Amino acid sequence: MDQIPRVSDVLYVGVCRKIGTPTEVTFRRDLWDTGEMIRKPSQLYKGLRKMLSGSRKEGFRFKSSDFDFMQWYLDHKVICEMSQSTFYHPPRHTLIYMETSDTPPGFARLQLLTPSNKEIVMSSLLERNNTEYISCSLLRMRLHQALKGFNPAIEGENLHGPCHNYTYLSIETDFALCFHSRHWPLPALPWVDRCLTRAWPSRSVLQSIIDVGFHLVPIANRQTHDNLDLEWRISFSQAEQKLVYSMNHCQFLCYGIMKIILKEVISDELLCSYFMKTILFWRIQESSSTLWLPSTLLQHVWFCFKSLMQCVYTGYLPNFFIPENNMFAGKVVGAQQKFLYQKLERFYKMGVAFLLHSPTLREILIPAVSDPYFVMPTGERYLKSEIDIDIAFDGGSFSCRSMVVVSDFLSNMIHLNVIDQLFSTCQNVVFHNMLISVLESTSMSLKAQCLFVSKRKRYTIDRSIIHMLDLVSKLGCLSDGLYLALYLYDTGRYQTALAVTDTVKQRLSQSHIMYYDTVDRQRYSEAVGGQSMLTKFRKAWARDISFNANFTFIEELRLEQEVCKMNGLGYLYLSPFVTVHMLSVLCHYRLGNRSQYLQALTDLHTLLLYDDGRYALLYTRDLSWQILGICQHVVGDLHGALQSYQESLRQIPRHKIQIATETRLNFVQSQLRMNSTRIVT
């Protein structure tokens, strides 16, 4: 009997595999936290702060997880009491007074005390009783008008609550312009006392929450009629993130399960994941004496579901920070409320078996509940294998590289300075990725300056670029040496570029290489199994080569980068296996090595013809075929180039380079017509 698993333990293990192990979740959070830490000094310089909030920042990676960004002006200071104005210095600071005396709980009016230097703020003012207030509706509309149509790659732009909502590369994003206060709001002072009494969160977390303050986002209370334009919602996004970070993994998985239940079982537009988070916060605080363990996970999930049911029945869900703010007010009401309660009641009568209505949870639980002799998996299969975790780390760490890359040189130098100060104490993959990104971006910024400086200065800059890209080769993954090879080729040092390319090619040919999820698991384990993530990163990982659209890497790709940028995309992504063949063709051609460049061209063509997506991912194949066409065009194979450009147009248009492809196609066709005319003549 002791081998019969507890359903709760099975649920814990299964959801851990779906949502992530504690190490994976911590790594995801580190990605964004590190990026924000590096960007912070340059944001201070620019006077504008941008922060990711929501489920992605918390560590979830559901397919439906969107990006939620908040942005605010650092010189606009919100005060809760007039006495707090002594902390600031107009006109360097714009003072905003938050009025809460006669507003609904959780909402405030923002009185502008001193003029703002931001046109969007000054054009959003409304006068009431000889007092100027910032209108939430006007500011929200001004932001939407300013951003709409700004980037042609963005789709489905609309207003969603307080946010400008859009879809970019199939990922939904919410962007809100808000105001920040480093003071703690008076309506939330009782929350501090409650936390001290209930002993959650800990005193250190509580103090850090109070220190970061709060935000005001441009959305009014649902039940407000008279002051709809003036009310702003008090937001505790930073505090909520700290609370989620302070959860143990069982609590975090409970939160994830509630999100799964909401999406796959309840599936009602009246409810949102923020309500699930609020219910969980209350549960954790009220159960501070109850253990949160894998064996109690199911018990806590069931309690949270019953709490949700009770809240829907009463039509009252108290905000965690300001309980007087009923988050169901004006939303969960009337016939829809009754229908939702009846749905929840049907699930309640099923008991915890209602979890089987979720495809995700059913896949986890069915083996345990249907087989009385089911034995809990142990050992490596208990959570995830080392290689599966490495694959997740690899994909996640690559996404962080664009977080700190900007086109202006000064910001890159600020980022580089921050990384330099932290690098010696933070030897991890995240910092290496971001250091590499900034070094690449800084070197390309320097390269752009070479057009406007003296020959002597150009030599100094060239030495600096070589040094930076050499560091990228030494500190980065196996494919990062190609950035140096690209620069050497573009500056006419073909033999040296070829030597670097051949070195990278040799490294990429090793049997243990991991390129996204393409990996020989046995060879990988033999080569780097059990070693640190940083060692694996340097010795076994390969990545796409990313061409920032703001910089020219090689002249042969200038047209594609310009078209990519014109269409609102920031990067071209090219497989390192395609890149080494491209450089081999171009370098050997410039050196006059006919047999070698023809062989490299054949190798590249063969790779694209027979690869099943392992070495040239589907989303890079439009550019990959374009590269083959460019190489064929350069060496004079016009018929081959024609076919390759046509093949590029048949691929998934991930990079939106069709205009570049059609331009090159027309040019080749005109050359072929001219050649045929000469032959006839």
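Below: a short report on this structure.

**Here we look at the sheet that holds strand S2 (residues 67-73)**
If you trace the five strands from one edge of the open sheet to the other, you get S1-S2-S10-S9-S8, paired in mixed fashion. Each edge of the sheet is formed by a strand with only one pairing partner; in this case those strands are strand S1 (48-53) and strand S8 (154-160). Looking at each pair of strands side by side, their axes are set apart by 20° on average, direction ignored. Here S8 runs beside strand S9 (residues 163-168); their pairing, made up of five bridges, is antiparallel. Residue pairing across strands places isoleucine 154 opposite tyrosine 168, the latter belonging to S9. In the packing of helix H5 (residues 136-147) onto the sheet, the strands contacted are S8, S9 and strand S10 (171-177), and the crossing angle to S8 comes to about 170°.

**With respect to the packing of helix H10 (residues 273-286) against helix H11 (residues 297-314)**
With their axes 10 Å apart at the nearest point, H10 and H11 run at an angle of 115° to one another. Considering how the two elements wind past one another, H10 and H11 form a crossing that is right-handed. Contact with H10, carried on its side by Met276, Ile279, Leu280 and Arg283, involves Gln299, His300, Phe303, Cys304, Ser307 and Leu308 of H11 and no other residues of that element.

**So, the side chain of glutamine 337**
Examined against the element boundaries, glutamine 337 turns out to sit in helix H12 (residues 334-350). Beyond its immediate sequence surroundings of up to four residues, glutamine 337 is in contact with Leu270, Val312, Tyr313, Thr314, Gly315 and Val332.

**Regarding helix H6 (residues 189-198)**
Along H6, the residues classified as buried are Trp191, Val192, Arg194 and Cys195. Take H6 and look down its axis: the buried residues cluster within an arc of 165°, on one side only. Exposed positions of H6 whose direction lies more than 90 degrees from the buried face are Pro190, Asp193 and Thr197. For H6, the secondary structure elements touched by its buried residues are helix H7 (203-212) and H10. Downstream of H6 by a residue or two, alanine 199 has a phi angle that is positive, lying close to 65°.

**Structural notes on the packing of aromatic side chains**
Applying the stated criterion to the full structure yields 33 aromatic pairs. Relative to phenylalanine 252, the ring of phenylalanine 60 has its centre 4.4 Å away and its plane inclined at 15°; by these criteria the two rings are stacked. You can see phenylalanine 60 sitting in the loop between helix H3 (55-58) and S2 and its partner phenylalanine 252 sitting in helix H9 (residues 249-266), a full 192 residues away along the chain. The two residues phenylalanine 60 and phenylalanine 252 agree in class, both being buried. Note on tryptophan 302 and tyrosine 348: the rings are 5.4 Å apart at their centroids and 5° apart in plane angle, and the pair reads as stacked. Note that tryptophan 302 is positioned in helix H11 and tyrosine 348 in helix H12, a separation of 46 residues in sequence. On the accessibility criterion, tryptophan 302 (19% relative accessible area) is buried. Ring pairs connect the aromatic residues Trp184, Trp191, Trp200, Phe214, Phe236, Phe281, Trp282, Phe320 and Phe321, which therefore count as one cluster. For the cation-ring pair, lysine 50 lies above phenylalanine 69, with the distance from its terminal atom to the ring centre recorded as 4.7 Å. In this structure, arginine 194 is placed above the aromatic ring of phenylalanine 320, and the distance from its NZ or CZ to the ring centre is 5.0 Å.

**So, unusual backbone geometry**
Following proline 90, the chain continues to proline 91 via a peptide bond in cis, the omega torsion being 0°. In this model, asparagine 129 sits at a positive phi of 55°, which is unusual for a non-glycine residue. Within the secondary structure, asparagine 129 is located in the loop between strand S6 (125-128) and strand S7 (131-134). When its relative accessible area of 76% is taken as the criterion, asparagine 129 is described as exposed. A positive phi angle, near 45°, is found at serine 267, a position not held by glycine.

**Thoughts on helix H1 (residues 7-19)**
Since one α-helical turn is 3.6 residues long, residues separated by three or four positions face the same way. Taking 1.5 Å per residue, 13 residues should reach 18 Å; H1 reaches 18 Å between its end C-alpha atoms and fits that length. Taken together, the buried positions of H1 are occupied by Ser8, Asp9, Val10, Leu11, Tyr12, Val13, Gly14, Val15, Cys16 and Ile19. Of the residues flanking the end of H1, it is glycine 20, one or two places downstream, whose phi is positive at about 135°.

Parameters at a glance
- Residues numbered from 1 in each chain as written.
- Predicted model: local features only at pLDDT ≥ 70, side-chain atom pairs only at ≥ 80, totals over all residues.
- Heavy atoms only, no water.
- Pairing = 2+ DSSP bridges.
- Helix = DSSP H or I, 4+ residues; strand = E, 2+ residues; numbered from the N terminus.
- Axes fitted to C-alpha atoms, helices over the stretch in contact; angles between N-to-C directions.
- Contact = heavy atoms within 4.5 Å.
- Left-handed = near helix turned anticlockwise from the far one by under 90°.
- Buried < 20%, exposed > 50% of the residue type's maximum accessible area, 1.4 Å probe, protein only.
- Arc of directions from axis to C-beta.
- Phe/Tyr/Trp six-rings, centres within 6.5 Å; stacked < 30°, edge-to-face > 60°.
- Lys NZ or Arg CZ within 6 Å of the ring centre and 35° of its normal.
- Expected span 1.5 Å × (residues − 1).

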